[in-house]
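This is what each chain is made of:
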Amino acid sequence: MKPRTVVVIGGSGFVGRHLIAQLVAQGVRVRAPTRRAERARHLLLLPTVEVIEADVMAEDVLVRLLRGCDAVVNLVGVLHSPAARAGGPTYGAAFAAAHVTLPERIRAACHQAGVQRVLHMSALGAASNAPSEYLRSKAAGEAVFHNDPTLHTTYFRPSVIFGPEDRFLNLFAELARAVPMMALAGAEAKFQPIFVGDVARVMVQSLLEREAIGATYSLVGPHVYTLRELVRYAIHTAGYARPIVGLSPCLGYVQAWLLEHAPGGPLMSRDNLRSMQRDNVSSASLPFGLHASTLESIAPSYLSMHRPGARYDQLRKGARR
Ligand SMILES: NC(=O)c1ccc[n+]([C@@H]2O[C@H](COP(=O)([O-])OP(=O)(O)OC[C@H]3O[C@@H](n4cnc5c(N)ncnc54)[C@H](OP(=O)(O)O)[C@@H]3O)[C@@H](O)[C@H]2O)c1
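Residues numbered from 1 in each chain as written. Predicted model: local features only at pLDDT ≥ 70, side-chain atom pairs only at ≥ 80, totals over all residues.

Participant: Describe the overall build of the chain, listing the residues and the values that go with them.
Facilitator: When helices and strands are tallied, the chain shows 12 helices and 13 strands. The C-alpha atoms of the chain give a radius of gyration of 20 Å, which matches the 20 Å a tight globule of 321 residues would have. Overall size of the chain, expressed as C-alpha extent along the three principal axes, is 60 × 55 × 40 Å. The buried share of the chain, taken over its 321 residues, is 45%. In the chain, the share of contacts with a sequence separation of at least 24, taken over all contacts with a separation of at least 6, comes to 74%. (Helix = DSSP H or I, 4+ residues; strand = E, 2+ residues; numbered from the N terminus. Rg over C-alpha atoms; globule rule 2.2 N^0.38 Å. Buried ≥ 20, exposed ≤ 12 C-beta atoms within 10 Å, placed from the backbone. Contact = placed C-beta atoms within 7 Å.)

Participant: I'd like a rundown of the site of the ligand, residues and numbers included.
Facilitator: The environment of the ligand is made up of 24 residues, and the closest members are Gly10, Gly13, Thr34, Arg35 and Gly77. Elements represented by at least two residues in the shell around the ligand include exactly helix 1 (14–25) and helix 4 (93–113). Top contributing element to the shell around the ligand by residue count: helix 1, with 3 residues. (Near = placed C-beta within 6 Å.)

Participant: Give me helix 11 (residues 295–303): which residues, what numbers.
Facilitator: Because an α-helix packs 3.6 residues into every turn, residues spaced three or four apart end up facing the same way. Those residues of helix 11 lying buried are Leu295, Ala299 and Leu303. One side of helix 11 carries all its buried residues, which in axial view fall inside an arc of 25 degrees. Turned more than 90 degrees away from the buried face of helix 11, the exposed residues are Ser297 and Ser301. Where helix 11 is buried, its residues touch strand 7 (161–162), helix 6 (169–178) and helix 8 (227–237). (Arc of directions from axis to C-beta.)

Participant: Lay out the nonpolar core in plain terms, naming residues and giving numbers.
Facilitator: If you look at the biggest cluster of nonpolar residues, it comprises 91 residues, and the most contacted ones within it are Val8, Val72, Val73 and Ala234. With 8 residues, helix 4 is the largest single contributor of residues to this core. Beyond its immediate stretch of four places on either side in the chain, valine 73 contacts Val6, Val8, Ile9, Leu19, Leu119 and Met203. (Core = buried A, V, L, I, M, F, W, Y, C linked by C-beta atoms within 7 Å.)

Participant: Before we move on, could you go through unusual backbone geometry and cite the residues and values that matter?
Facilitator: Positive phi is not limited to glycine here, since threonine 48 has a value of about 65 degrees. Threonine 48 gets classed as partly exposed once you count the C-beta atoms within 10 Å, which come to 15. Phi at phenylalanine 288 takes a positive value of approximately 60 degrees, unusual for a residue other than glycine. Here phenylalanine 288 lies in the loop between helix 10 (270–275) and helix 11. On the basis of neighbour counts, which here come to 14 C-beta atoms within 10 Å, the residue phenylalanine 288 falls in the partly exposed class.

Participant: Tell me about helix 6, and please be specific about residues and values.
Facilitator: Buried within helix 6 we find Leu169, Asn170, Phe172, Ala173 and Ala176. An end-on view of helix 6 places all buried positions within 165 degrees of arc, on one side of the element. Its buried side turned inward, helix 6 meets strand 7, helix 8 and helix 11.

Participant: Give me the packing of helix 3 (residues 59–66) against helix 4: which residues, what numbers.
Facilitator: Helix 4 packs onto helix 3 with a crossing angle of 50 degrees between their chain directions and a minimal axis gap of 8 Å. When the axis of helix 3 is compared with that of helix 4, the two are oblique. Where helix 3 crosses over helix 4, the handedness of that crossing is right-handed. Where helix 3 abuts helix 4, its residues Glu59, Leu62, Val63 and Leu66 lie against Arg105, Ile106, Ala108, Ala109, Cys110, Gln112 and Ala113. Here the contact of helix 3 with helix 4 is composed, by residue class, of 8 nonpolar, 1 polar and 2 charged. (Axes fitted to C-alpha atoms, helices over the stretch in contact; angles between N-to-C directions. Parallel < 35°, antiparallel > 145°, perpendicular 65-115°, else oblique. Left-handed = near helix turned anticlockwise from the far one by under 90°. Nonpolar A, V, L, I, M, F, W, Y, C, P; charged D, E, K, R; others polar.)

Participant: Kindly report on the packing of helix 1 against helix 7 (residues 196–208), identifying the contributing residues and their values.
Facilitator: Contact pair helix 1 / helix 7: the axes reach a minimum separation of 9 Å and the direction vectors enclose 50 degrees. One way to sum up the angle between helix 1 and helix 7 is to call them oblique. Between helix 1 and helix 7 lies a crossing of right-handed hand. Residues Phe14, Val15, His18, Leu19, Gln22 and Leu23 of helix 1 form the contact with helix 7, whose own contacting residues are Val196, Gly197, Val199, Ala200, Arg201, Met203 and Val204. A per-class count over the contact of helix 1 with helix 7 returns 9 nonpolar, 3 polar and 1 charged.

Participant: Which residues make up the pairing of strand 5 (residues 117–121), and what are the values?
Facilitator: A large share of strand 5 lies buried, amounting to 5 of its 5 residues. With burial as the criterion, each face of strand 5 is covered, one bearing Arg117, Leu119 and Met121 and the other bearing Val118 and His120. The β-α-β motif built from strand 4 (residues 71–74), the intervening helix 4 and the parallel element strand 5 has right-handed crossover chirality. Here strand 5 pairs with strand 6 (residues 152–158) via 5 bridges, running parallel. Paired with histidine 120 across the bridge in strand 6 is tyrosine 155. (Right-handed = clockwise from strand over helix to strand, strands pointing away. Pairing = 2+ DSSP bridges.)

Participant: So, the sheet that holds strand 6: which residues are in play, and what are the values?
Facilitator: Pairing is parallel in the open sheet, where 7 strands are placed in the order 3-2-1-4-5-6-11. Looking at the sheet topology across the chains shown, the edges are occupied by strand 3 (49–53) and strand 11 (216–219). Direction aside, the axes of adjacent strands within the sheet are offset by 20 degrees on average. Pairing of strand 2 (residues 29–34) with strand 3, which is carried by 5 bridges, proceeds in the parallel orientation. Considered in strand 3, the bridge of threonine 34 is made with glutamate 53.

What follows is the structure, encoded as structure tokens:
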């Protein structure tokens, strides 16, 4: 059942980079559409990858992309959206476009291009009654494929994903350099981080195994941590000692509102905070007999790059001094 050609939509991002590298290592040809080819520069170096600048929201573009392919992977996701309008769906317009309309277009394009196999990336905690718009829209995206049994879909629901390019542990390690203390909203929320390489391994294996068709895989690492523990771990591993102060729900809300309106774009939002009202954990183990890596066996290799002086050392190494 090994596919020869796979379209990876959203392949220019964090998960896509690792998934595509593993697909290429298996000898699979990959088409990776992106809105800006520059964002997918790192993929150009890989053999058997074709980076295509395209607007995947246009259905005819999707049909052309999918024609002649054996499977399509949907990795597109956004973390922020203007809030939902009264009387409309219970999630905002950017969530609706990326998490619901795009899956609908992918589904339609699959039928037109004759592609049956779909891997769809959702999120742990996705539910129509979830506290956040992000998670409700992710549930609606899953439903698009659930409602179409003629497609052979596998669903992936990861907790927070860590790895060299993550914007979670790296963000806190970077912040520690700039601030004397960490004021943390949702400090006691629980997560079960999974390594991006493990997420990619499960996805690649799913393409090879028949039992994956119709399955939903919760993707979690071996240990549960509170947000406070994760932040403490990230900043200590990056070589900083910073006190962490948990904010009350009210102050956390104000902080999230301020960060939502940050000049360079939202760093966090009230909706992100709402998603933390439910623990992001699962008792599931990885399928296909795979074992999840621990955070402690992977994260120091990249968090240590944030250590004071690490950049200078790198430059020196680069200059061979
Ligand atoms: N990272 C995590 O901790 C985590 C946890 C749970 C679930 N997930 C889910 O896993 C998936 C991949 O996450 P990631 O961390 O790899 O995300 P990412 O690095 O932000 O990459 C997202 C990708 O989606 C594409 N994209 C975003 N908005 C788009 C739009 N409106 N139209 C078309 N393409 C769009 C981007 O492509 P361009 O090149 O066109 O910009 C990019 O390649 C997402 O669905 C996310 O919700 C992630």
